[in-house]
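Topology and contacts: notes
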Amino acid sequence: QVQLVESGGGLVQAGGSLRLSCAASGSGFSINAMGWYRQALGKQRELVATITRGSSTNYADSVKGRFTISRDNAKNTVYLQMNSLKPEDTAVYSCYAEATQGFFSSLAYWGQGTQVTVSS
């Protein structure tokens, strides 16, 4: 019932920046935590960053100091500002949101993913 759509991925040179966005849509839902995962070719899925509704954040060690997660609760949107990108950041980035609809328990919803490619 909740749809997440990512945008902002693309190809960038090492040292460059990208800003990913993920907008949640639907009706009758309330979002708690949001975040981003990524999965590089041949590697396991990795949690990149999370943010609570109160804007408490956590980051993977590999992106600390370079990535910033933020959210706009009024727009039901989460962002991932990625600076000083490295080739090892190349991956499919997927947005998730933990959402409650009505009185139902919170469920995790996922976007379709967006490709980020960082060239040397």
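For clarity, every value in this text was computed on a predicted model and none was experimentally measured.

1. Regarding the side chain of Thr-77
Summarising the element assignment, Thr-77 is placed in strand 8 (residues 77-82). Take Thr-77: its relative accessible area is 8%, and that puts it in the buried class. At 2.9 Å, the side chain of Thr-77 forms a polar contact with the backbone oxygen of Lys-75. Once residues lying within four places of it in the same chain are set aside, the contact partners of Thr-77 are Cys-22, Ala-23, Met-34, Ser-70, Arg-71 and Asp-72.

2. Remarks on the environment of Gly-9
Among the secondary structure elements, Gly-9 is positioned in the loop between strand 1 (3-7) and strand 2 (10-13). Each C-alpha atom, one on Gly-9 and one on Ser-25, is 20 Å from the other, the two residues being 16 residues apart in sequence. Those residues in contact with Gly-9 that lie beyond four places of it in its chain are Leu-20, Thr-114, Gln-115 and Val-116.

What counts, and at which threshold
- Residues numbered from 1 in each chain as written.
- Predicted model: local features only at pLDDT ≥ 70, side-chain atom pairs only at ≥ 80, totals over all residues.
- Heavy atoms only, no water.
- Helix = DSSP H or I, 4+ residues; strand = E, 2+ residues; numbered from the N terminus.
- Buried < 20%, exposed > 50% of the residue type's maximum accessible area, 1.4 Å probe, protein only.
- Polar contact = N/O pair within 3.5 Å; in protein donor to acceptor, adjacent residues only side chain to side chain.
- Contact = heavy atoms within 4.5 Å.

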